[in-house]
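Listed below, chain by chain, are the residues.
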Amino acid sequence: MKFEDLLLQIGGFGRFQIFILFILCLPRINLPMHFLLHNFLAATPSHHCAIPHQEAFVNLTMEEILLISIPREPDGTFRSCEMFSQPQFHLLLNFSLQTENSSIIQHCQHGWVYDHSQFTSTIATQWDLVCEQRGLNQATATFFFIGVTVGAVVFGYLSDRFGRKAMLLLSLTCSVVFGMLSAASVSYSMLAITRTLTGVALSGVSLIVLPFGMEWVDIQHRTFTGILSSIFWSIGSMLLAMAAYLVREWHWLLVAVTAPCLLSIVCLWWVPESARWLIANGKVKQAHRNLIRCARMNGKKDFAVSQEALRRMATDKKPGGSYSYISLFRTPVLRKISLCSGAVWFGVAFSYYGMSMKLTGFGLNMYLSQFVFGIIEIPAKMVMYILVNRVGRRQSQAWTLILTGLCTGANVIIPKSLTSLRSIVAIMGKGFSEAAFTTVYLYTSELYPTVLRQNGMGYTSFMARLGGSLAPLVFLLDEVWRSLPEVTYGGVAVCCGSVAFLLPETLNVRLPEGIEDVE
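Residues numbered from 1 in each chain as written. Predicted model: local features only at pLDDT ≥ 70, side-chain atom pairs only at ≥ 80, totals over all residues. Heavy atoms only, no water.

A few words on the UniProt feature "transmembrane region" (unreviewed entry) in the protein chain. UniProt annotation of "transmembrane region" (unreviewed entry) refers to residues 12-31, 139-159, 166-186, 192-212, 224-246, 252-271, 337-355 and 367-387 when read in the numbering used here. Its end C-alpha atoms 31 Å apart, residues 252-271 is made of 70% helix and 0% strand. Structurally, residues 367-387 comprises 100% helix and 0% strand, and the distance from its first C-alpha atom to its last is 31 Å. (UniProt positions renumbered as here; feature names shortened; annotations may be inferred. Helix = DSSP H or I, 4+ residues; strand = E, 2+ residues; numbered from the N terminus.)

Below you can see the structure in the form of structure tokens.
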């Protein structure tokens, strides 16, 4: 007897499954609110060098003071990182005469003045993470994703070893603690450390929620489960835009996006441990109790199964605790799956966060861009619900990622003056990117056997977070060539999308229980 046969007897998608899926989807709302928070947490408003002894220019307007103190760009805007060593009063007579003597131009010596019309404060304005320190500002996102990368490895192993529910509860609790400590940061070093630890904690939530819910539903509803969970990510993405619009001070914004984790912690007490995991790890008594609870809630009161029957279902090859990440590469089919799925996850995350962290240049303000990028994901996921069941997981995965890369590359050649067209292409690219992310979660959870599923998700999530860690730093390549970041994102997406064609199809295939089922 397979676990799917048990699900048919207790109800593979009844009131019980709907109840636990709703609770498990709540933490998904929190994920984008932290994963995409960098757009607002580290936003850099317009700024220029602070001008010393400004009170001496009593007869000059602010515009005139800037004119004699700050050099200008060819387009007429004042430079952000340079100032004149001495006031250039002759520019008051003819401001079109820009000095060509570079010896009187120097880097900012007295700090910066920021435009606070859009943000009360960000970490960029708090610790002057601009100009020469711009790299540190981008690095805050990298620190967070390094934490997520480490967390993927840690929680992937721990959830296979100690269970889905316990590790999900631990990760949510740590997310609250480190999220609040981030909000209370008094130095850049403290923020970098606490954001890294927040990433470690939230990685557990990202990793566990979908497989946890999917292990309770039947084959016919696995796709629906994956899409439903993913839609809550999009809701969180839209809520982030609203929260950032309402809360313009970075400390309180961190509090606002962290507090909802408390609701998830409370609700999680009503979710039972995965019976599939319990059986695979020989915990038959608790599995029996959870199955009876599921059957009763689904109205299957005549359901009966002996604990002895469950024991026979338990994997007898070797105990669950003896599996490790090395097991993903020991056998030929699993090795190919692991190498290819790792490349796909890297490409999906690298391109997704590359697009998600660029909210300007499309003719929309950043709050509206964030909201539109979130709302476009929902119809993209609805379409994926049909596609993955019609054309299969493999084709859907490959083409959504390839089209993401093509849309990203298209905006390199579209003139910046055509803002409407650039916005449409960017939104299409974001839709394809989210469709690729939606598919990869569903696809990967079906590729690995139960005894290695969380290890597999941990490894692929590690690859994804590696891509997420590198994505913010690629923006710094614009100093080499302005379009190099977009070319990099697009090229990686197309290459990794092509690798997806090498993976096996899992449409309407039973979830494998042991390694021999995969091989």
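Structurally, Asn-30 is set in helix α2 (residues 15-35). Given a relative accessible area of 2%, Asn-30 falls into the buried group. Beyond its immediate sequence surroundings of up to four residues, Asn-30 is in contact with Val-257, Thr-258, Pro-260 and Cys-261. (Buried < 20%, exposed > 50% of the residue type's maximum accessible area, 1.4 Å probe, protein only. Contact = heavy atoms within 4.5 Å.)

Let's shift gears to a nonpolar patch on the surface. On the surface, Phe-19, Val-266, Trp-269 and Trp-270 cluster together to form a nonpolar patch covering roughly 450 Å² of accessible area. Looking at the element boundaries, Trp-270 is found in the loop between α11 (261-267) and α12 (275-280). Accessibility expressed as a relative area gives 48% for Trp-270, which makes it partly exposed. (Patch = residues over 30% accessible without salt bridge, like charges linked within 9 Å, V, L, I, M, F, W, Y side chains within 5 Å. Areas by Shrake-Rupley, 256 points an atom, 1.4 Å probe, with all protein chains shown as cover. Salt bridge = Lys/Arg side-chain N within 4 Å of Asp/Glu carboxyl O.)

Contact geometry of helix α6 (residues 134-162) with helix α8 (residues 188-214) gives a least axis separation of 6 Å together with a crossing angle of 40°. By the angle class used here, α6 and α8 are oblique. In this structure, α6 crosses over α8, and the sense of that crossing is right-handed. Residues belonging to the contact of α6 with α8 are distributed by class as follows: 16 nonpolar, 10 polar and one charged. (Axes fitted to C-alpha atoms, helices over the stretch in contact; angles between N-to-C directions. Parallel < 35°, antiparallel > 145°, perpendicular 65-115°, else oblique. Left-handed = near helix turned anticlockwise from the far one by under 90°. Nonpolar A, V, L, I, M, F, W, Y, C, P; charged D, E, K, R; others polar.)

Turning to the pattern of salt bridges, a few remarks are in order. Tallied over the entire structure, the rule returns eight salt bridges. The partner of Lys-381 in a salt bridge is Glu-377, and the shortest N-O contact between them spans 3.7 Å. In this pair, Lys-381 and Glu-377 are both assigned in helix α16 (residues 366-390), four residues apart and thus about one turn of the helix distant. In terms of burial, Lys-381 and Glu-377 fall into one category: buried. As a salt-bridge pair, Glu-446 and Arg-393 come within 2.9 Å of each other at their nearest N and O atoms. A residue pair is termed long-range when its members are at least 10 positions apart, and Glu-446 in helix α18 (residues 419-447) and Arg-393 in helix α17 (residues 393-413) qualify at 53 residues.

A complete count under the given rule lists 25 aromatic pairs for this structure. The interplanar angle of 85° and the centroid separation of 5.5 Å between the aromatic rings of Tyr-245 and Tyr-367 together place this pair among those described as edge-to-face. On the criterion of sequence distance, the pair formed by Tyr-245 in helix α9 (residues 222-246) and Tyr-367 in helix α16 is long-range, its members being 122 residues apart. We classify Tyr-367 as buried; its relative accessible area is 8%. Measuring from ring centre to ring centre gives 5.4 Å for Phe-329 and Tyr-459, while their planes differ by 85°; the resulting arrangement is edge-to-face. Highlighted residues: Phe-329 in the loop between α14 (307-313) and α15 (332-356) and Tyr-459 in helix α19 (residues 453-474), separated in sequence by 130 residues. Following the ring pairs from residue to residue traces out a cluster consisting of Phe-35, Phe-144, Phe-145, Trp-233, Trp-345, Tyr-352, Tyr-353 and Phe-437. Directly above the ring of Phe-162 sits Arg-161, whose terminal nitrogen or CZ lies 5.2 Å from the centroid. Across from the ring centre of Tyr-245, 4.8 Å away, lies the NZ or CZ of Arg-248, which sits over that ring. (Phe/Tyr/Trp six-rings, centres within 6.5 Å; stacked < 30°, edge-to-face > 60°. Lys NZ or Arg CZ within 6 Å of the ring centre and 35° of its normal.)

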